[in-house]
Amino acid sequence: MRRRDFCKVMAAGAGLASFPLGSMARPARSPAGAADSAATSFSTSDWNAVKNEGWGTQHGEGGPGTWDGVPLQSPAIPGLAGDGPYKPDWDSMLSYEAPEWYQDAKFGIWAHWSPQCVPEDSDWYARNMYIQGEEQYKNQLRRYGHPSTFGYKDLCAQWTLLNWEPEAMMQRYKRAGARLFLALADHHDGFDTWNSKYHAWNAQNIGPHRDVIGDWAAAARGEGLRFGVTVHAARNWWWFQVAHLCDKTGPLAGVPYDGHLTLKKGQGQWWQGYDPQQLYGRRHGIHENPDEAYVRNFYDRVRDLVDQHDPDLLYFDNDMLPLGWAGMNVGAYFYNHNLRTRGGRMEAVLNVKHVPDHLAKAVVADYERGVTNRIMPCAWQSETCIGDWHYNRERFLNHSYMNPAQIIRWMADAVSKNGTFILNIPGKPDGTNDADEIAILETIGRWMQVNGEGIYATRPWKVYGEGVHEAEGGSFAGHSTSQLDARDIRFTRNKEGDAVYAIQLGRPADAVQIKSFGKSANLLGKPIQNVELLGGPEKLKWSVRDDGLVIDVPQGKPSDIAVVYKIST
C-alpha cells in the first residue's frame, strides 16, 4: 500500500472514532506521537491549478446523488438526524414553517469575527496571504514575514480579544434596534470560535482562550435577543489548499509555506500538540472531492455546536445544505433538537443560499448582500455588511462604511418583501468596535426608536412599494438599493390587518402622493380613517383622491433618512 493510500485509510479511521455514537470523548489536542500523515507541498508547476480551484466542487460533480462531491445517502449509522419528525431529505423538511419570532424580529446584528481580523486587512486574509502577488500576501511579508515561517496558525494566537466586553457590546446592538444577534462560529479558515470538542484549533485553546460563542450567547440572551451562529467551514477543504503552495518566483521560490507542517514538527514550538494539518486541511489532489474523514469531522463539529449552544438560528455559507449527507443530517438534527429543547414548538431558523423556489419553504433562504425584486411567499433573509466582512482598518481611516441612510433603506426594501435584514458589524482584533461603527449603530437606533413600529412584527402588504426606483433582485445586487430616495415608498402592514405603513425613503420636500392608496387602485378595501406620521406630534393634513392619497408636507422635522406614515382603516 502506498503511503498516501495508507494515510487516507488512517484519516477515515480517525473520523469514525470521533463520530457521535453514545458518549463522545473530547480530544482537546492531537495525541502526542500521532501519525505524521501530511503529504509534501504542491510544486510550483501546480501553483495556478491550486490557486484557481476556488470554492471547489460545485453541487453534484461527484456524480448523481451527491452534493459538493459527497453522497447524499447517509451512512448506515443510527441517530445522525436525531430523534424527531425531520429526516435528512427535502420532502421531510418541506413541513417546516418559519417561526413567528423570526418573522417579527426583522433586524439583526452579526459579528463576523475570526483570527482573520488580526491584520485589519479585510476579507479572505487567511487564504490570500498564501497567494504570491496578492496585496494581502505583500502585507504579510511587510508585517509578519514569509508564510513559510509565519503562517495563519501564528495569527490565530494573536486574536486575543483583550478589550472585549460582550455584555456592553450587546447592549449597544440592542439600542441599535437589533432583535437577533448572529456570531461567526467558524470561517473557511479552519478555526472554531467555541470550545469545540472535535477540533483542537479553537478559541478556548488558542488566542482569546475563551468560548467566544458561549460568551456571545450568554450576552445576547441576557438582553432578550435571539441568538444565531454562522458556519462557513465546509469550504475549508478547498479554500486552504493554497497553504500547501510555495512562491513561484523570487529568493524563496520553491520553499513550502507552513501548510506542509505536521504535528511532530511542533516539538518545542508554541503550537506543540496542535496539528497544522487539522487547521489547513491535508493536501489532496486538485479537484479531489472531500474524503470521509473530513465530512464526518464537519458533521461532528456542527452537531457539537448545536448541542453546546442551542442556537435559534443556524446559517450555512453554502448553496443548499453542504457536503452531501453531512449537511442534510445536521440540518434535520437542528430542527429535531430545536423541537426537543422548546417543548415541541418549532423555533429554529436554518439559513442556506441559492434555494430554488420549490424548496424555499424548507429553510429560510439567505441572499448574501442582496434583496429580492418581489414579495416572497416564504420568509427570507437579506444580509450585508457596513464595509467588509472582516475588519478593514482602511474603511475606518477613509470613513468609507455604508451610511445609515442606505442601511435603513435597504432594510425597509427587504422587510416590505417578507425579508429579515441582517447587518454585519466587523469587530477589531481586540474585541471592540471603532468610532464610526458606533456612530452608525447609534443613528440606526435613533431611527428605529421612532419608526420601528413600521418594521417590527409587520408583514408584507398587497404590493411592496411604488416610486421611480426598483431594487435589483438576487445575491450581491443589494447595492441597487443605494438609489432609493424620497420618491420611493415601501409598504408593510401590521399583523392585525388594520394598518398599513408607508415608508418614504427620504425626507419629504413636497406633498406626498401615494398612488396605491387612491380610489382607483382599490387596494385598501376599506376607507382610510386616519393618517399619522410616526414620531410626529402634529395632525397631518391629507385627502384621498382617485389617483392617490395626498399628504401635505409635515411641518415638524422628519428624518432625512426615511419617514413612516401609518394609514389606519
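Quantities reported herein were computed from a predicted structural model and do not represent experimental measurements.

> So what exactly am I meant to see when it comes to the overall build of the protein here?
Along its length, the protein carries 16 helices and 19 strands. Its C-alpha radius of gyration of 25 Å places the protein within 12% of the 25 Å reference for a compact globule of 569 residues. Taking the principal axes of the C-alpha coordinates as reference, the protein spans close to 85 × 50 × 40 Å. Put simply, the protein has 569 residues, and 61% of those count as buried. Within the structure as shown, the protein displays about 21,700 Å² of accessible surface, and the carbon and sulfur contribution to it stands at 50%. Put simply, the protein has 59 plus and 67 minus side-chain charges, and the middle of one group is 1 Å from the middle of the other.

> Looking at this structure, how should I read helix α6 (residues 135–143)?
The periodicity of an α-helix, 3.6 residues per turn, causes residues three or four positions apart to be oriented the same way. Those residues of α6 that fall on the buried side of the exposure criterion are Q136, Y137, N139 and Q140. Around the axis of α6, the buried residues are gathered within 160° of arc, so they sit on the same side. Away from the buried face of α6 by more than 90 degrees, exposed residues E135 and R142 are located. Those residues of α6 that are buried are in contact with α5 (125–128). Within two residues after α6, G145 carries a phi angle of roughly 115°, on the positive side.

> Explain the sheet that holds strand β3 (residues 107–111) here, please?
Within a sheet, adjacent strands bond to each other through the backbone by hydrogen bonds, running parallel or antiparallel. What the 8 strands build is a closed barrel, ordered β3-β4-β5-β6-β7-β8-β9-β10; its pairing is parallel. For this sheet the average axis-to-axis angle between neighbouring strands, irrespective of direction, equals 25°. In terms of strand pairing, β3 meets strand β10 (residues 419–424) through 4 bridges, oriented parallel. By the bridge assignment for β10, F107 is matched with F421. Contacting β6 (313–319) and β7 (349–353), helix α13 (residues 325–341) crosses the sheet at an angle of about 155° to β7.

> Got a minute to help me understand the packing of helix α8 (residues 166–175) against helix α9 (residues 212–222) in this structure?
Between two packed helices, what matters for the description is the angle formed by their axes and the separation of those axes. One can describe the packing of α8 onto α9 by two numbers: an axis separation of 9 Å at closest approach and a directional angle of 45°. Compared by their axis directions, α8 and α9 come out oblique. For the pair α8 and α9, the crossing hand works out as right-handed. Contact residues: P166, E167, M169, M170 and Y173 in α8; D215, W216, A219 and A220 in α9.

> Explain the packing of aromatic side chains to me, please; I cannot follow it from the model alone.
Within this structure, the stated rule accounts for 32 aromatic pairs. Measuring from centroid to centroid gives 6.1 Å for W159 and F191, while their planes differ by 85°, and the two rings are edge-to-face. In this pair, W159 sits in the loop between α7 (152–156) and α8 while F191 sits in the loop between β4 (180–186) and α9, placing the two residues 32 residues apart along the sequence. F191 carries the same exposure label as W159, and that label is buried. Chaining the aromatic ring pairs together yields one cluster made of W124, Y130, Y152, W239, F240, Y257 and Y280. The ring of Y456 carries the charged tip of R179 above its face, separated from the ring centre by 3.5 Å. Cation over ring: R283 sits above F42, and NZ or CZ is 4.3 Å from the ring centre.

> Could you clarify how one ought to interpret the pairing of strand β19 (residues 563–568) in this entry?
Along β19, 6 of the 6 residues are buried, which leaves the element largely enclosed by surrounding structure. Of the two faces of β19, both are covered, the one formed by V563, Y565 and I567 as well as the one formed by V564, K566 and S568. The sheet contact formed by strand β16 (residues 530–533) and β19 spans 4 bridges and is antiparallel. Residue N530 lies in a different strand from β19, and its bridge partner there is S568.

> Would you take a moment to explain the sheet that holds strand β15 (residues 512–514) for this structure?
One open sheet accounts for 3 strands, arranged β15-β18-β17; its pairing is antiparallel. What marks the edges here is a single partner per strand, and that holds for β15 and β17 (542–545). On average, adjacent strands in this sheet sit at an angle of 20° to one another, irrespective of strand direction. Judged from the 3 bridges that link them, β15 and strand β18 (residues 548–551) form a sheet pairing that is antiparallel. Its bridge partner lying in β18, Q513 is registered against V550.

Calculation criteria
Residues numbered from 1 in each chain as written. Predicted model: local features only at pLDDT ≥ 70, side-chain atom pairs only at ≥ 80, totals over all residues. Heavy atoms only, no water. Helix = DSSP H or I, 4+ residues; strand = E, 2+ residues; numbered from the N terminus. Rg over C-alpha atoms; globule rule 2.2 N^0.38 Å. Buried < 20%, exposed > 50% of the residue type's maximum accessible area, 1.4 Å probe, protein only. Areas by Shrake-Rupley, 256 points an atom, 1.4 Å probe, with all protein chains shown as cover. Lys, Arg positive; Asp, Glu negative; His and termini not counted. Charge placed at Lys NZ, Arg CZ, Asp CG, Glu CD. Arc of directions from axis to C-beta. Contact = heavy atoms within 4.5 Å. Pairing = 2+ DSSP bridges. Axes fitted to C-alpha atoms, helices over the stretch in contact; angles between N-to-C directions. Parallel < 35°, antiparallel > 145°, perpendicular 65-115°, else oblique. Left-handed = near helix turned anticlockwise from the far one by under 90°. Phe/Tyr/Trp six-rings, centres within 6.5 Å; stacked < 30°, edge-to-face > 60°. Lys NZ or Arg CZ within 6 Å of the ring centre and 35° of its normal.

As far as function goes, none of this settles anything; it's purely spatial.
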